[in-house]
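# Inside the fold
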Amino acid sequence: MTIHQFMLLFLLWECLPHLCSPEITFRRTPVPQQRILGTRVPRSDGKILHRQKRGWMWNQFFLLEEYTGSDYQYVGKLHSDQDKGDGSLKYILSGDGAGTLFIIDEKTGDIHATRRIDREEKAFYTLRAQAINRRTLRPVEPESEFVIKIHDINDNEPTFPEEIYTASVPEMSVVGIIRTALPNMNRENREQYQVVIQAKDMGGQMGGLSGTTTVNITLTDVNDNPPRFPQNTIHLRVLESSPVGTAIGSVKATDADTGKNAEVEYRIIDGDGTDMFDIITEKDTQEGIITVKKQLDYESRRLYTLKVEAENTHVDPRFYYLGPFKDTTIVKISIEDVDEPPVFSRSSYLFEVHEDIEVGTIIGTVMARDPDSASSPIRFSLDRHTDLDRIFNIHSGNGSLYTSKPLDRELSQWHNLTVIAAEINNPKEMTRVAVFVRILDVNDNAPQFAVFYDTFVCENARPGQLIQTISAVDKDDPLGGQKFFFSLAAVNPNFTVQDNEDNTARILTRKNGFNRHEISTYLLPVVISDNDYPIQSSTGTLTIRVCACDSQGNMQSCSAEALLLPAGLSTGALIAILLCIIILLVIVVLFAALKRQRKKEPLILSKEDIRDNIVSYNDEGGGEEDTQAFDIGTLRNPAAIEDKKLRRDIIPETLFIPRRTPTAPDNTDVRDFINERLKEHDLDPTAPPYDSLATYAYEGNDSIAESLSSLESGTTEGDQNYDYLREWGPRFNKLAEMYGGGESDKDS
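One structure accompanies this document, and this report is about it. (Residues numbered from 1 in each chain as written. Predicted model: local features only at pLDDT ≥ 70, side-chain atom pairs only at ≥ 80, totals over all residues. Heavy atoms only, no water.)

## Looking at a nonpolar patch on the surface
Quick note on the threshold: Only residues whose relative accessible area exceeds 30% and that form no salt bridge are eligible for patches; like-charged ones are grouped when within 9 Å, while nonpolar side chains (Val, Leu, Ile, Met, Phe, Trp, Tyr) are grouped when within 5 Å. In this description, accessible areas are obtained by the Shrake-Rupley approach with a 1.4 Å probe, and a residue is regarded as covered only by the protein chains that are shown. We count a salt bridge whenever a side-chain nitrogen from Lys or Arg sits within 4 Å of a carboxyl oxygen from Asp or Glu. Put simply, DSSP marks the helices as runs of H or I at least four residues long and the strands as runs of E at least two long, and each gets a number from the N terminus on.
Together, Ile-575, Leu-578, Leu-579, Ile-582, Val-586 and Leu-590 make up a nonpolar patch on the protein surface, roughly 570 Å² of accessible area in all. Checked against the element boundaries, Val-586 lands in helix α3 (residues 571-599).

Next up, the structure:
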């Protein structure tokens, strides 16, 4: 017999008396003597209370959980020694579950449980019992308390807090709580495992319950695999024109590990291209990116070989025995040829030339070659945007640069040109180079006065008196600096020049006193020369005026009359000329006014005041835009036939029937046609002289443009009859008087 079986039998033996005899008899305890309590009552009646011990003793009830019977489960029985069996006592139950979960028979004191009880919900219940007289309802025993304990049975299997457990254990781990059944478990072979664990109660004995759970076990990675290149040799290609830093390809070593255990560092450890190429480790993709380190040249070298190594950056010392955690591969890089532009022998050119060279002189030569193996011929040209004046030109075959115009350093000391070299077979391949031309100075400019000098000499000047200090400038720039010499072109009795030997000179007087009435101005030629080769000189003339000065030598006035004498005119002559010009202008203005007055001669001559003959017209024609006042289509096309249209700008009181105008033949001269129209309108009583403008745009061939006005027509006023104006109403009376009595006015 095992110790577990012994403990179970002992437990059953302990509970056996209670389970077999649930009845509890409450007997009165024999009292040989009564105990008198000495406690006084706060009343003054002097009574002494006697405490009587109760006549029963309470025990605990035990009840099995999970009762499955159809009747109420019997708990136990309460019985008082005061109960004579005649039904005079009544048992009352109160406390936890009294009346609902537990009920008691009032007569017999039997206690029953009304439903199944789960000890896991509540392990015990505390109740109170009392026996009372049924008739008087007075307690025959004091109320006392008892406990019903729920006896546990094996009705719950073991459970795990989690339904599924997830655990991880490093691969190649040693023995642990969950032991590996196989040594050196490899994550790369299998990463996930699922284990079902069972738990049994009662020590696994018969009748015990059990529970299961699932444990998902993941093997975590350790760095137990070195990187490996899939190929021993890798071939790459790159163009020779690829700029520095261009990525030409990548290499990648595979590692069975994951995370940081798979991180790899790449480097070039050997080869003939270590100075031409570089390798960069890309952290995201774990690749080695090979880039161009220096400019490549197909003509110099066409193949490079590199030895690339890949090594783990995080190596676990526990697995050193698995071998070196690195690998190598050979990378061969082929250089591909491209059509490159020409290459100049220099990055820039500087030519120096004197400004006095002849046109067409070669000032320098630029050289360029085709770096390709084909060696295409080169054509040279000038970028004309850098030589807008076309001062230079270049030989397209040999690159000789020569002048096409004279040079002048004083205009431009530097010329910044751009020469273009292009392949003849492929003109798109071109290269530019900067050519700087410096113009060297030649002494080809004579010195001149620095400024214009307004020089005067006082009438009271004494010999040797300084009247002016002069200086000179020169556009040339000699290496030794400027040096000027001043002298007179000829001996002058009035003035002299004294060289200060500092590129300045003083003008001094040689005689005592000057008279501005005799000579008001002196011209003094001064010769200025430099000291460069060849020597250049010029003559500048100083104009010296003679002026009246005060005692301090300050100028007061100079002779103005002297300025007019060379022209031979006096002040009076100028005034006379000015008056003549004014008189001529007045005559011209009067003549123009009289001529204009003649053109405005009135239509009729009357002895009455002209203000009495003012005629006011309130009606205006439409001008050129009035297409209803006249028909211009006939003039534009003489062959057009159209009925006479009525005037719409004004309606006469008497309406006459319009006459039909005969059509002009095709060969009618335009002049005759216009004269017929003028005559027709002059004789037409329905066409008074309204204020309207008729434009005749059709002239025809070989016509003589003359006046088209009816006032200058061949018909005179005497040939017309204006009596019909009186019949038009009072508005036309004034016109009838003017035209009707015109002849009498002329006769008078």
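## Thoughts on the pairing of strand β25 (residues 400-403)
For the record, the criterion: At least two bridges found by DSSP between two strands are what make those strands a pair.
Pairing analysis gives three bridges linking strand β21 (residues 362-365) to β25, with the strands arranged antiparallel. Within the sheet, the bridge partner assigned to Gly-364 lies in β25 and is Leu-401. Where strand β24 (residues 392-394) and β25 come together, three bridges link them in antiparallel fashion. The partner of Asn-393 across the bridge, within β25, is Tyr-402. In this structure, the hairpin formed by β24 and β25 is closed by a connection of five residues, where Gly-399 is found at a positive phi of approximately 80°.

## Notes on the state of the cysteines
Short version of the rule: We call a pair of cysteine sulfur atoms a disulfide when they lie within 2.5 Å. Each residue is placed in one exposure class: buried if its accessible area under a 1.4 Å probe, protein chains only, is under 20% of its type's maximum, exposed if it is over 50%, and partly exposed if it falls in between.
A complete count under the given rule lists two disulfides for this structure. The disulfide partner of Cys-458 is Cys-549, and the S-S distance across this bridge is 2.0 Å. What sets the handedness of the Cys-458 and Cys-549 disulfide is the S-S torsion sign, and at about -85° it is left-handed. Linking Cys-458 in strand β29 (residues 455-458) with Cys-549 in strand β35 (residues 537-549), this pair joins segments that are 91 residues apart in sequence. Look at Cys-458 and you get buried, because its relative accessible area is 5%.

## Things to note about the nonpolar core
Rule in force here: What is meant by a nonpolar core is a set of buried Ala, Val, Leu, Ile, Met, Phe, Trp, Tyr and Cys residues, joined one to another through side-chain atoms within 4.5 Å.
In this structure, Val-251, Tyr-266, Phe-277, Ile-290, Val-331 and Ile-333 are the most contacted members of the largest nonpolar core, which totals 23 residues. Only β12 (233-239), β13 (247-251), β14 (264-271), β15 (277-282), β16 (287-292), β17 (303-312) and β18 (326-336) provide two or more residues apiece to this core. The greatest single-element share of this core, amounting to four residues, is contributed by β17. Residues Ile-357, Val-366, Leu-407 and Ala-421 belong to the second largest nonpolar core, which totals 22 residues.

## Brief notes about the pattern of salt bridges
Considering all chains together, one arrives at 19 salt bridges under this definition. Notably, a salt bridge pairs Glu-309 with Arg-267, separated by 2.8 Å at the nearest N-O pair. Taken together, the residues Glu-309 in strand β17 and Arg-267 in strand β14 connect sequence positions 42 residues apart. Since its relative accessible area comes to 10%, Glu-309 is described here as buried. Arg-301 is the partner of Asp-272 in a salt bridge, and the nearest nitrogen-oxygen pair spans 2.5 Å. Taken together, the residues Asp-272 in the loop between β14 and β15 and Arg-301 in the loop between β16 and β17 connect sequence positions 29 residues apart. For Asp-272, a relative accessible area of 35% translates into the label partly exposed. Residues participating in the shared-partner salt-bridge network are Arg-267, Glu-309, Glu-311 and Lys-326.

## Looking at the sheet that holds strand β20 (residues 348-354)
Hydrogen bonds between backbone groups are what pair the strands of a sheet, and the pairing can be parallel or antiparallel. Inclusion rule: An axis is simply a line fitted to the C-alpha atoms; with a helix, the fit covers only the stretch in contact. Between two such axes, the angle follows the N-to-C directions and lies from 0 to 180 degrees.
Within the open sheet, the four strands sit side by side as β20-β27-β26-β23. Their pairing is mixed. Since the sheet does not close on itself, it has two edges, and those belong to β20 and β23 (378-382), each with one partner. Across the sheet, the axes of successive neighbouring strands diverge by a mean angle of 30°, strand direction being ignored. Two strands pair when backbone bridges link them, and β23 and strand β26 (residues 414-423) are joined in this way by five bridges, in the antiparallel orientation. Paired with Ile-378 across the two strands is Glu-423, which belongs to β26.

## Here's the deal with the sheet that holds strand β33 (residues 504-509)
Strand order in the open sheet formed by four strands is β28-β30-β33-β32, and the pairing between neighbours is antiparallel. If you trace the sheet from one side to the other, it starts and ends with β28 (448-449) and β32 (495-499), each paired once. In this structure, strand β30 (residues 466-473) lies alongside β33, joined through five bridges in antiparallel fashion. Its bridge partner being in β33, Thr-469 is matched across the sheet by Arg-506.

## Things to note about the pairing of β17
Successive side chains on a regular strand alternate, one facing one side of the sheet and the next facing the other. Pairing analysis gives seven bridges linking β14 to β17, with the strands arranged antiparallel. Across the sheet, residue Glu-265 finds its bridge partner in β17, namely Glu-311. Of the pairings in the sheet, the one linking β17 to β18 comprises nine bridges and is antiparallel in character. The residue bridging Glu-311 from the neighbouring strand is Lys-326, located in β18.

## Some details on the packing of aromatic side chains
Note the following rule: In summary, the pairing rule links any two rings of Phe, Tyr or Trp, Trp by its six-membered ring, whose centres are within 6.5 Å, and it sorts them by plane angle into stacked for under 30 degrees, edge-to-face for over 60 and tilted for everything else. Remark: a charge is flagged as sitting over a ring if the NZ atom of Lys or the CZ atom of Arg is within 6 Å of the ring centre and within 35 degrees of the ring normal.
As enumerated under the stated definition, the model contains 13 aromatic pairs in all. Arranged with centres 5.4 Å apart and planes meeting at 75°, the rings of Phe-277 and Tyr-304 form a pair that is edge-to-face. In this pair, Phe-277 sits in strand β15 while Tyr-304 sits in strand β17, placing the two residues 27 residues apart along the sequence. With respect to burial, Phe-277 and Tyr-304 carry one shared label: buried. Ring geometry for Phe-495 and Tyr-522: centres 5.5 Å apart, planes at 75°, overall edge-to-face. Of this pair, Phe-495 sits in strand β32 while Tyr-522 sits in strand β34 (residues 521-530), and the two are 27 residues apart along the sequence. Accessibility expressed as a relative area gives 1% for Phe-495, which makes it buried. Since its relative accessible area comes to 10%, Tyr-522 is described here as buried. Counting every residue linked through ring pairs, the aromatic cluster contains Phe-344, Tyr-349, Phe-351 and Phe-380. Arg-301 extends its terminal NZ or CZ atom over the ring of Tyr-304, reaching a point 5.1 Å from the ring centre.

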